[in-house]
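# Analysis of the macromolecular model
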Amino acid sequence: MHGQPGHVVPRVMDDTSYERLPSTKCNAIGFRDLCQRFELVQKCRDAKKKVKILFSQGLREYLHVDGQSVYPLMRLVLPRIDRERGNYGVQVKSLITLYIDVLGLTKASSAAQRLKNWKLPNYGLPGAGESSLAGNFPRTLEEVLENRVGGQKKLTIGDVNARLDKLCQLSGAAARKKWLMELIRDCTAQEHKWIARIILKEVRVGLNEDRVLAFYHPDALEMYNTCTDLRKVLDTLTDPRVRVSQQVQLGVPFAPMLAKRMKTFTVKGAMAGFEFVMEPKLDGERIICHKNGDDVKMFTRNGNDYSANYLPNMRQYIKSNILAEQCILDGEMLAWDDLTKSFIPFGTNRTIAAEQQIHQNMNSQRSSNAAAEGGRGDDTDPGLPAHFLPC
């Protein structure tokens, strides 16, 4: 968090020169203090001032003494691009169910109805400013919790990150209920609001990732786009005077360029006389495939590793059709129905891939059983219809 770079010392970054920095000081910052900064940033109208409010000069000086990492703080500010934590497995609907259960609210109570109907303006709490709460679940949650939570502990950023890490590892309603009971005991209503926003990965204070990373270091955004590793970016770029260049690497997810929607008649002018090619836009799932010999990986445009989801079905097609030893393929993944000669509607890729994997496992087990009995594996395919093929 530096703001303005000074003298530029160019340095090429390779994947082996990265070391994690200690984060003792950052972990010790009070989470309640961060929440209050979020409130101030949200009220500020000036986009340039917002980032300076969030990362004050005093905070920057405090964190950069002794080479401390700012990653614990930044992963709460920019939860959408933090890949280490993964998915919480919790959405708004399941959060509402958890809160109603833990708070002991009856389904017909005004508080429970307010949570369930958070999108509607006519379900506001008395005196809560109903119209301003409509469509804002975290804010609605804060109002419901105002006189129902303890706030007994002053949690640090380190504490909150540890609890969020734990939530990612939990499965089942009972475990999540116990997790939330501890949070209700320890946090204020305002803290619950911001934790909910972090869980939903929508902090919404008027600061996007691009602006925050650019403020931190002039090369931070470009480096993040080539590695999608927030911790690596923050722990590597500690001095704005040292400019770092990193290239896209095989096997390392990166953020691909995104297309901009334009009307056909405006394209020629936008290209400023340069030659261009137009092709149909297939409505699939953006997948970047890395092939390094026999090692193949698949990533989403957000850097999530989907190799386990798609490679069991796609590996054979990649190996047999892609002759290059090393390459990166960027395109849309769709499922193809060979019977109707058409693509399967968007959103069915994962379902079909999972069904095909189950089907393949059943066939493998059937073949193993037949071999063990001295027989021959059944050549018929009673599972998923054979005309559903990955494209």
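All of these numbers come straight from a predicted model, not from anything done at the bench.

Summing up its helical and strand segments, the protein chain has 18 helices and eight strands in all. A total of 391 residues make up the protein chain; the buried ones form 41% of that total. Taking as baseline every contact in the protein chain between residues at least 6 positions apart, the subset at least 24 positions apart corresponds to 68%. Total accessible area computed for the protein chain in this model is approximately 21900 Å², and 52% of it derives from carbon and sulfur atoms.

Moving on, we get to the pattern of salt bridges. Applying the stated criterion to the full structure yields 19 salt bridges. As a salt-bridge pair, Glu39 and Lys193 come within 2.5 Å of each other at their nearest N and O atoms. Of the two residues, Glu39 is situated in helix 2 (residues 31-43) and Lys193 in helix 12 (residues 189-199); the sequence distance between them amounts to 154 residues. On the basis of relative accessible area, Glu39 is assigned to the buried category, the value being 15%. Assessed through its relative accessible area of 3%, Lys193 is described here as buried. We note a salt bridge from Glu143 to Arg139, for which the minimum N-O separation is 2.6 Å.

Our focus in this paragraph is the sheet that holds strand 4 (residues 295-300). The strand order across the open sheet formed by three strands is 4-3-5, and the pairing between neighbours is antiparallel. Both outer strands of the open sheet, strand 4 and strand 5 (326-333), are each paired with one neighbouring strand and no more. Averaged over all adjacent pairs, the angle separating strand axes in this sheet is 20°, with direction ignored. In the sheet, strand 3 (residues 285-292) pairs with strand 5 via eight bridges, with the strands oriented antiparallel. Bridging from a neighbouring strand, Arg286 pairs with Glu332 of strand 5. Packed onto the sheet, helix 17 (residues 307-321) meets strand 3, strand 4 and strand 5 and runs at close to 130° relative to strand 4.

Residue placement: His290 occurs in strand 3. For His290, the side chain forms a polar contact with the main-chain nitrogen of Gly251, separated by 2.9 Å. Excluding residues within four positions of it along the chain, His290 makes contact with Gln249, Leu250, Gly251, Val252, Phe254, Asp295, Val296, Lys297, Phe299, Cys327 and Ile328.

Moving on, we come to the nonpolar core. Formed by 75 residues in total, the largest nonpolar core has its most connected members in Phe31, Phe55, Leu73, Tyr99, Leu115, Phe137 and Leu164. In terms of nonpolar packing, the next biggest core, distinct from the first, is built from 11 residues, Cys289, Leu311, Ile318 and Ala353 among them.

A word on the packing of helix 2 against helix 3 (residues 47-54). Relative placement of two packed helices is described by the angle separating their axes and the distance separating the axes. Running from N to C, helix 2 and helix 3 point in directions that differ by 170°, and their axes come no closer than 9 Å. With respect to each other, helix 2 and helix 3 are oriented roughly antiparallel. Here Leu34, Arg37, Phe38, Leu40, Val41 and Gln42 of helix 2 come into contact with helix 3, specifically with Lys50, Ile53 and Leu54.

Right, let's talk about the packing of helix 2 against helix 12 for a bit. Contact geometry for helix 2 and helix 12: axes closest at 10 Å, N-to-C directions at 80°. Classified by the angle between their axes, helix 2 and helix 12 sit roughly perpendicular to one another. Between helix 2 and helix 12, the residues in contact are Phe31, Arg32, Cys35, Gln36, Phe38, Glu39 and Gln42 and Gln190, Glu191, Lys193, Trp194, Ile195, Arg197 and Ile198, respectively. Counted by class, the contact of helix 2 with helix 12 contains six nonpolar, three polar and five charged residues.

Before going further, it helps to examine the environment of Lys107. Locating Lys107 in the fold gives a position in the loop between helix 6 (92-103) and helix 7 (110-116). Residue class for Lys107 comes out exposed when judged on its relative accessible area of 63%. A C-alpha to C-alpha distance of 10.0 Å links Lys107 and Thr97, two positions 10 residues apart in sequence. Those residues in contact with Lys107 that sit more than four places away from it in its chain are Ala112, Gln113 and Lys116.

Here the focus is helix 2. The terminal C-alpha atoms of helix 2, which comprises 13 residues, lie 19 Å apart, in line with the 18 Å expected from a rise of 1.5 Å per residue. On its buried face, helix 2 is in contact with helix 3, helix 5 (71-77), helix 10 (157-169) and helix 12.

About the thresholds
Residues numbered from 1 in each chain as written. Predicted model: local features only at pLDDT ≥ 70, side-chain atom pairs only at ≥ 80, totals over all residues. Heavy atoms only, no water. Helix = DSSP H or I, 4+ residues; strand = E, 2+ residues; numbered from the N terminus. Buried < 20%, exposed > 50% of the residue type's maximum accessible area, 1.4 Å probe, protein only. Contact = heavy atoms within 4.5 Å. Areas by Shrake-Rupley, 256 points an atom, 1.4 Å probe, with all protein chains shown as cover. Salt bridge = Lys/Arg side-chain N within 4 Å of Asp/Glu carboxyl O. Pairing = 2+ DSSP bridges. Axes fitted to C-alpha atoms, helices over the stretch in contact; angles between N-to-C directions. Polar contact = N/O pair within 3.5 Å; in protein donor to acceptor, adjacent residues only side chain to side chain. Core = buried A, V, L, I, M, F, W, Y, C linked by side-chain atoms within 4.5 Å. Parallel < 35°, antiparallel > 145°, perpendicular 65-115°, else oblique. Nonpolar A, V, L, I, M, F, W, Y, C, P; charged D, E, K, R; others polar. Expected span 1.5 Å × (residues − 1).

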